[in-house]
Structures are given as C-alpha cells and as structure tokens.
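Chain residues, written in single-letter form:
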Amino acid sequence: WQNTVKDIVLRLQRDCGVDGVYIDQVAAASPELCFDPDHDHPPGGGHWWVEGYGELLRNIRRKIPDGAMLTTECNAEPYLKWFDGYLTWHWQHDGQVPAFPAVYGGKIRMFGRAYRGGPNRELALRMKAGQQLVFGEQLGWIKAGVVNREKSARYLRRLVRLRRRFRRYFTGGRMMRPPALKGDIPTVRADWRWHGKWPVSTPAVLTGAWARPEDDRAVAFFVNVSKGKTVRARYAWRPAELGLDAETLRVRAVTGRGSEKTFTADAGSRRTLTLEPGDAVAWEARPADGTQ
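In this report, the structure presented in the accompanying data block is examined. (Residues numbered from 1 in each chain as written. Predicted model: local features only at pLDDT ≥ 70, side-chain atom pairs only at ≥ 80, totals over all residues. Heavy atoms only, no water.)

### Looking at the overall build of the chain
- Along its length, the chain carries six helices and 15 strands.
- Across its three principal axes, the chain shows a C-alpha extent of roughly 65 × 50 × 40 Å.
- Per-residue burial over the chain gives 47% buried out of 292 residues.
- In the structure as shown, the chain presents an accessible area of about 15,400 Å², 48% of it carried by carbon and sulfur atoms.
- Between the centroid of the 47 positive side chains of the chain and the centroid of its 32 negative side chains there is a distance of 9 Å. (Helix = DSSP H or I, 4+ residues; strand = E, 2+ residues; numbered from the N terminus. Buried < 20%, exposed > 50% of the residue type's maximum accessible area, 1.4 Å probe, protein only. Areas by Shrake-Rupley, 256 points an atom, 1.4 Å probe, with all protein chains shown as cover. Lys, Arg positive; Asp, Glu negative; His and termini not counted. Charge placed at Lys NZ, Arg CZ, Asp CG, Glu CD.)

### Describing the pattern of salt bridges
- Counting across every chain of the model gives twelve salt bridges.
- Notably, a salt bridge pairs Arg165 with Glu260, separated by 2.6 Å at the nearest N-O pair. Separated by 95 residues along the polypeptide, Arg165 in helix α5 (residues 150-165) and Glu260 in strand β13 (residues 260-266) bring together distant segments of the chain.
- Classification of Arg165 by relative accessible area gives partly exposed; the value is 38%.
- With a relative accessible area of 44%, Glu260 lands in the partly exposed category. (Salt bridge = Lys/Arg side-chain N within 4 Å of Asp/Glu carboxyl O.)

### Thoughts on the sheet that holds strand β15 (residues 280-287)
- With antiparallel pairing, the six strands of this open sheet are ordered in space as β5-β9-β10-β15-β12-β13. Pairing within the sheet leaves two strands with one partner each, and these edge strands are β5 (174-176) and β13. Here the strands of the sheet are splayed against their neighbours by 25 degrees on average, with no regard to which way each runs.
- Pairing of strand β12 (residues 248-255) with β15 involves seven bridges; the strand directions are antiparallel. Each residue of the ladder has a partner; that of Leu249, found in β15, is Pro287.
- Set on the sheet, helix α4 (residues 121-135) makes contact with β5, β9 (205-212) and β10 (217-224); between it and β9 the angle comes to about 20 degrees. (Pairing = 2+ DSSP bridges. Axes fitted to C-alpha atoms, helices over the stretch in contact; angles between N-to-C directions. Contact = heavy atoms within 4.5 Å.)

### Structural notes on the sheet that holds strand β14 (residues 270-275)
- If you trace the three strands from one edge of the open sheet to the other, you get β6-β11-β14, paired in antiparallel fashion. Lying at the two open borders of the sheet, with one neighbouring strand each, are β6 (181-182) and β14.
- Relative to strand β11 (residues 231-236), β6 runs antiparallel, the two sharing two bridges. The partner of Lys182 across the bridge, within β11, is Arg234.

### Side note on the nonpolar core
- Counting 81 residues, the largest nonpolar core has Phe83, Phe221, Phe222, Trp237 and Trp283 as the members making the most contacts within it.
- The greatest single-element share of this core, amounting to eight residues, is contributed by α4.
- Dropping the residues within four chain positions of it, Phe222 is found in contact with Pro179, Leu181, Val205, Leu206, Thr207, Leu273, Leu275, Asp279, Ala280, Val281 and Trp283.
- In this structure, Leu87, Trp89, Phe111 and Ala114 belong to the second largest nonpolar core, which totals six residues. (Core = buried A, V, L, I, M, F, W, Y, C linked by side-chain atoms within 4.5 Å.)

### Digging into a positive patch on the surface
- On the surface, a cluster of positive charge is contributed by Arg14, Arg58, Arg62, Lys63 and Lys81.
- Residue placement: Lys63 occurs in the loop between α2 (48-61) and β2 (69-73).
- For Lys63, a relative accessible area of 41% gives the class partly exposed. (Patch = residues over 30% accessible without salt bridge, like charges linked within 9 Å, V, L, I, M, F, W, Y side chains within 5 Å.)

### Focus: helix α1 (residues 2-15)
- The end-to-end C-alpha distance of α1, which contains 14 residues, comes to 19 Å, matching closely the 20 Å that a straight helix rising 1.5 Å per residue would cover.
- Val5, Lys6, Val9, Leu10 and Gln13 are the residues of α1 that are buried. All buried residues of α1 project into a common sector of 125 degrees when viewed along the axis, lining one side. Opposite its buried face, α1 presents the exposed residues Asn3, Arg11 and Asp15, each directed more than 90 degrees away.
- Elements that come into contact with the buried residues of α1 comprise β1 (20-23), α2 and β2.
- Residue Gly17 follows α1 closely and has a positive phi angle near 75 degrees. (Expected span 1.5 Å × (residues − 1). Arc of directions from axis to C-beta.)

### What about the side chain of Gln131?
- Following the sequence through the fold, Gln131 ends up in helix α4.
- According to the relative accessible area criterion, Gln131 is buried, its value standing at 5%.
- In this structure, Gln131 is in contact with Trp91, Gln96, Arg113, Glu137, Trp192, Thr202 and Leu206, ignoring residues within four places of it in sequence.

### Observations concerning α4
- The end-to-end C-alpha distance of α4, which contains 15 residues, comes to 21 Å, matching closely the 21 Å that a straight helix rising 1.5 Å per residue would cover.
- Burial analysis of α4 places 14 of its 15 residues in the buried class, the great majority of the element.
- Positive phi appears at Gly136, one or two residues downstream of α4, with a value of about 90 degrees.

### Quick word on the packing of aromatic side chains
- According to the stated counting rule, one finds 21 aromatic pairs in the structure shown.
- For the ring pair Tyr235 and Trp283, a centre distance of 6.0 Å and an interplane angle of 55 degrees mean the geometry is tilted. With Tyr235 in strand β11 and Trp283 in strand β15, the pair connects residues that are 48 residues apart, well separated along the chain.
- Here the basic side chain of Arg126 rests over the ring of Tyr155, its NZ or CZ set 5.2 Å away from the ring centre. (Phe/Tyr/Trp six-rings, centres within 6.5 Å; stacked < 30°, edge-to-face > 60°. Lys NZ or Arg CZ within 6 Å of the ring centre and 35° of its normal.)

And the structure:
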C-alpha cells in the first residue's frame, strides 16, 4: 500500500504536473491498536503507526520535484516534518486560542475551515474568516456561491486583501501575543454547525499579531466580526510584545477597504481604534529610526 500511494503521488506530480497532493487523514486519524504477533512492533500502541507513515512520506519526499508540496487533513504534530500544509477545517470550538500557530506558524501552512449553513450563517462566516486571518490561516474552503451573498462577499474581500498584502508574515514570520484591547467590546455568538447545532462565542473584535524579526517589522490585525455593532477600543503600544526593540514606532495603517495612512506611536502610548461592523485593519510597525 505504501508503494501504491507513493506511485500515485509521483505520477500526479511528475507526469500530470500538479503543484501539490493532498493525502487524506494522515494527521487526523488516531492510531489503531494492533496486537498481531506476526508484526514487527510491540503489541498494542507505540510509535509504529507514526513510523509507518514516516517511511511512506520520506520515500515520497526523496523523489518529488522541486517546489512540489504535500498536504493532509488536520494538524497532528508528529507529521509536521513531512508536510507543507495542514487542513485546519476542524478548528471549530468555543474558546479556541491560537496555540498551534503560536508554536508552528511560519513553519507549515494552515488552510481551510468548514463553512456550513445555519440560522445565522452570515455571522458564523464572519467569525470563522476573522479568526482565520488573525490565526494566520489561508482563508476559506468555502463554496464559490458565497460571491452571490453581497455582504459576505464584501467582507471576505476585505480580509483577503489584507492577508495578501501581508502574506510574508504567514509564510516565514512568527506569531506574537494577540493584542489586548481595552473598552466595551461585546461578545458575539453563532451556530457554526460543526456537528449539528454548535454554538461558538468570540469577542466582536478579533486580534492577532505577527512579526518578521529579520526585517525588524511586525503587524497587528483587528477585525470587527459583528454584523451591527461599531466598536471603539484602546490599544496600548508595547513594542516588545511585537518583537520590536524601539521606543518610537512608525506605523502604517492599512484597511481592508484599501485606504492607508501612517502615524508614529511611542511605547506606552494609547491609540483609539474605531471599527464599523465588518471592518478589518492592519497596523504594520517598525522602529521609527529604521531605514526600510
């Protein structure tokens, strides 16, 4: 079976010229306990399950063309070294924090959520896409018909613009602590329809931060995922939390609507952020005395 999978992957990438192959469930399925006395591993569990996949994937990676990639489902840690991307479609839980991107962001690509219907599917879409942006994931895994839902399409366009603009942070950067905001920030709640009814709550404004230490730059994202609430909040500038060693920062504010402006921010100073429903903004910061 390992040879069969390897031959299929290599045929697709060498003969058909595809850029990548998705091998289903490797980082999703739990190991099966095996007690066959004729197998060359200890009975029951152990490392043999992961090592079997390792043998398959090492043999594939030795022979795939330069620039070709492998992806799989979900994000189990033991398989990171053999894959280029993880389908994070199962990140659907109440109270999620970006622990995995904080450790592995910039090392492996994360893509996709399950976007499903429900009585408040538009709000659920806003929450998922906003969380994907600040977590560093590629947006979507969504039916193309979303372009016919005007409000959702406009919202997604804003987020896609921002992600494309700052994509280098997600492909080689490092996730920093999400910015903490002060103010009256409501909570939103929607049915995400993961397994039947699936209520999930998040703050109306989702935040995330990513740094590129070699460039001495960082970017903070703020997304108002609510449908009808303008949010005003305060952000205190702490350059060290963004990985920057400077007392004064030069900041470029870019919105998902396409507008830009620049300002300076001193360490410890506060800036008020006003976000209309569906607004998204990125603040890219660097030391004010930098030459880049």
